[in-house]
Amino acid sequence: MTEVATNGAAKDFGAAKPLVDADPWLEPFVPAINYRHSVYDKWLKDIQQSEGGLDKFSQGYKTMGFQVANDGTITYREWAPAAHAAYLIGDFNGWNRESHSMQKSPYGVFEITLPPKDGQPAIPHNSKVKISLITPMGRVERLPAWITRVVQDLSVSPAYEAIFWNPPQKYKFKNPRPKKPKAVKVYEAHVGISSPEPKVATYKEFTANVLPRIKELGYNTVQMMAVMEHAYYASFGYQITSFFCASSRYGTPEELMELIDTAHGMGLTVLLDVVHSHASKNVEDGLNMFDGTDACYFHSGPKGSHELWDSRLFNYGSHEVLRFLLSNLRFWMDEYMFDGFRFDGVTSMMYTHHGIGTGFSSGYHEYFGPQVDIEAVVYLMLANELLHSLYPDTCITIAEDVSGMPALCRPVSEGGVGFDYRLMMAVPDMWIKLLKEKQDDEWDFANICFTLTNRRHGEKSITYCESHDQALVGDKTIAFWLMDKEMYTNMSDLTERTPIIDRGLSLHKMIRLLTHALGGEGYLNFEGNEFGHPEWLDFPRAGNNSSFQHARRQFNLIDDKLLRYKYLYNFDAAMNNLESKYQWLSAPQAYISLKNEQDKVVVFERAGLLFIFNFHWTNSYTDYRVGVEVPGEYEIVLSSDDKEFGGHGRVDKSVHAFTDPLGWNGRSNHLQAYLPTRTALIFAKVG
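Notes on the structure follow. As the structure is a prediction and not an experimental result, all values here were calculated from the model. (Residues numbered from 1 in each chain as written. Predicted model: local features only at pLDDT ≥ 70, side-chain atom pairs only at ≥ 80, totals over all residues. Heavy atoms only, no water.)

A word on the packing of aromatic side chains. A complete count under the given rule lists 48 aromatic pairs for this structure. Measuring from ring centre to ring centre gives 5.2 Å for Phe244 and Phe331, while their planes differ by 70°; the resulting arrangement is edge-to-face. Of this pair, Phe244 sits in strand E15 (residues 240–246) while Phe331 sits in helix H6 (residues 319–335), and the two are 87 residues apart along the sequence. Between the aromatic rings of Trp443 and Phe445, the centroid separation amounts to 6.3 Å while the plane-to-plane angle is 50°, which identifies the pairing as tilted. In this structure, Trp443 and Phe445 share a single accessibility class: buried. Here Arg149 stacks its cationic end above the ring of Trp165, 4.8 Å away from the centre of that ring. Lys476 extends its terminal NZ or CZ atom over the ring of Trp481, reaching a point 4.7 Å from the ring centre. (Phe/Tyr/Trp six-rings, centres within 6.5 Å; stacked < 30°, edge-to-face > 60°. Helix = DSSP H or I, 4+ residues; strand = E, 2+ residues; numbered from the N terminus. Buried < 20%, exposed > 50% of the residue type's maximum accessible area, 1.4 Å probe, protein only. Lys NZ or Arg CZ within 6 Å of the ring centre and 35° of its normal.)

As structure tokens, this is what we get:
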């Protein structure tokens, strides 16, 4: 744990030593790294002594909330420390607010046991329940915090009602979890919008109609958005009210289980978009003011409120809050068989300023010091340690972090935070900025390549051109930036192929392939963007007269063989499936041999493949010389100009290229290739 400094004195780097070995620039911040690790170690020790370890501690969902024994006995427990008294009420007792009093423990946990009646649980399956609390602000009624089913009747009220969910037949999973892929190719999906029809689609419809497409497209991971129950549909799932509930607007818990089970049968990993960064301010059907105070699960006062999101912020330094959040992760893993999580809002969690009004310059001083929320960072360390120790072969965790915090994706044992991947959020911003502000001849390929490869060594990243953020109303998708209104008039093969459509089809494919191959160690696409979905995403709300017109994905456009959307879909599938064969995402970072600003040509090698991009809008090049390290015979394994991808078919893929031992652009050999305008080619060595 020590090494000798140049002056002969010993340096003790402690837990941070592996990080400093990998990145000496971290040395000045060793005390901060070691301090957060000491807080983490203290939590582990406390949890071991008081709870018997992280494993048992994270199984709170088996003791809190409603528990049903084999003989039908029901036990209900709820943490509400500021409440003086509590009563269980519901359909089962005619909503009598005095008949079922609960006992309070010294730790603020209320409990009641209901013996079975005539051999059956005293509370019938699918009946309504609440907890009635006597608090400092008087009597309040709340939905149980650990409830696993809530429903909403918008014709009566927007507020949810809690349901005692105890179906006589439990769902039995048929398929085991797949092992985690070497590199994730993520299909980011929202069940509710997964239909061409203007409605809220269901788990069953997603299982039948969308999962087969995801498999066909070559993605190996499905990221489920907006599953945790949220009162406001238009929040895209980011104002959670009930953390243990799968959204009832799409169907039953068992139907979500069937969706995940079916995906596993296809070899697909399924991740949940988990929102532990904040919670809805709803009082009637959320956690806010649960025990009559503004604390309980959250920080009290201004520290407990997110001013930009208008939501509540968890107190990650609370023993019972940690039980709630860690058990929430365990619940989704064990009860629903999810394979991991994309953690939303990690930047907001890790800094006391929540990223508001803060531009990160990548200066290391920004990642350590008083602006870091140590309690939140330690919670993330505990969560990652829990998940990776219990599910080492299957679990994947992804951090949505815009700050670039060092060691975010290094193991906790090395002093890191423990995530498997971080999202490369600068990449989609770059593409949108280019398409919005620059003409084709102004594209700076040195900067493009830098942005795509600017990631921390030894920490895996997921790159993407656009996610749900770029699809939402107020922004435009890449397809819309490229083709805009002509998508409504010129996307049929029976119409003129205008210069705008031709450019749009070409660049849509090239931007995706360049990002996929040159970017990180994983790739992500948002549902519908793979085929250039022609419209933005806008959920029904007051501002659009509650319209579903833009809260859907028009998969029917792919199936219409007269439309050009099929070409983009075909290319996306070809690109992903080719990666499955050559596995460039899990290969070392690419070697870029050429970024020619005049010719608009980019050349690089990765995973034994040679990638060539000609972004020039008018110039095609015959016998263009490109460097390549490994000599031999090369064949074209992918051409974006193929007619099946909406190209012009100008590249003869039967013609092989042979290397010449004359070095070129820093490579030992070179070959010559025909590069049509706005075309991407991938060469692979024969044999």
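A word on the layout of surface pockets. Taken as a whole, the largest pocket encloses approximately 880 Å³ of empty space. Lining the largest pocket are 30 residues, with Thr148, Trp165, Asn166, Lys170 and Glu335 positioned closest to its centre. Breaking the lining of the largest pocket down by element, the ones donating at least two residues are strand E3 (65–68), strand E11 (160–164), helix H5 (253–265) and H6. With four residues, E3 is the single largest residue contributor to the lining of the largest pocket. Looking at side-chain class alone, the lining of the largest pocket contains 20 nonpolar, six polar and four charged residues. (1 Å grid on protein atoms, 1.4 Å probe; cavity = no way out; pocket = protein on both sides within 12 Å on 5 of 7 lines; lining within 4 Å. Points joined across faces, edges and corners; volume = space filled by probe spheres on them. Nonpolar A, V, L, I, M, F, W, Y, C, P; charged D, E, K, R; others polar.)

Quick look at the pattern of salt bridges now. Taken as a whole and judged by the stated rule, the model has 41 salt bridges. Residues Glu466 and Arg512 are paired through a salt bridge, measuring 2.7 Å at the closest nitrogen-oxygen approach. Placement of the pair is Glu466 in the loop between strand E22 (461–463) and helix H11 (468–471) and Arg512 in helix H13 (residues 499–518), with a sequence separation of 46 residues. A relative accessible area of 2% means that Glu466 is categorised as buried. Look at Arg512 and you get buried, because its relative accessible area is 2%. One continuous salt-bridge network, built from bridges that share partners, spans Asp23, Asp401, Arg422, Arg456 and Glu459. (Salt bridge = Lys/Arg side-chain N within 4 Å of Asp/Glu carboxyl O.)

Note: strand E24 (residues 591–596) against strand E25 (residues 601–606), five bridges, orientation antiparallel. Following the sheet pairing, Ile592 is matched in E25 by Phe604. Count of turn residues in the E24/E25 antiparallel hairpin: four residues, of which Lys600 carries a positive phi of about 65°. (Pairing = 2+ DSSP bridges.)

Positive phi, close to 55°, is recorded for Met289, a residue that is not glycine. Here Met289 is to be found in the loop between strand E16 (269–274) and strand E17 (305–306). Using a relative accessible area of 22% as the deciding quantity, one classes Met289 as partly exposed. You will see that Asp623, though not glycine, has its phi angle at about 50°, which is positive. When you line up the elements, Asp623 lands in strand E27 (residues 621–628).

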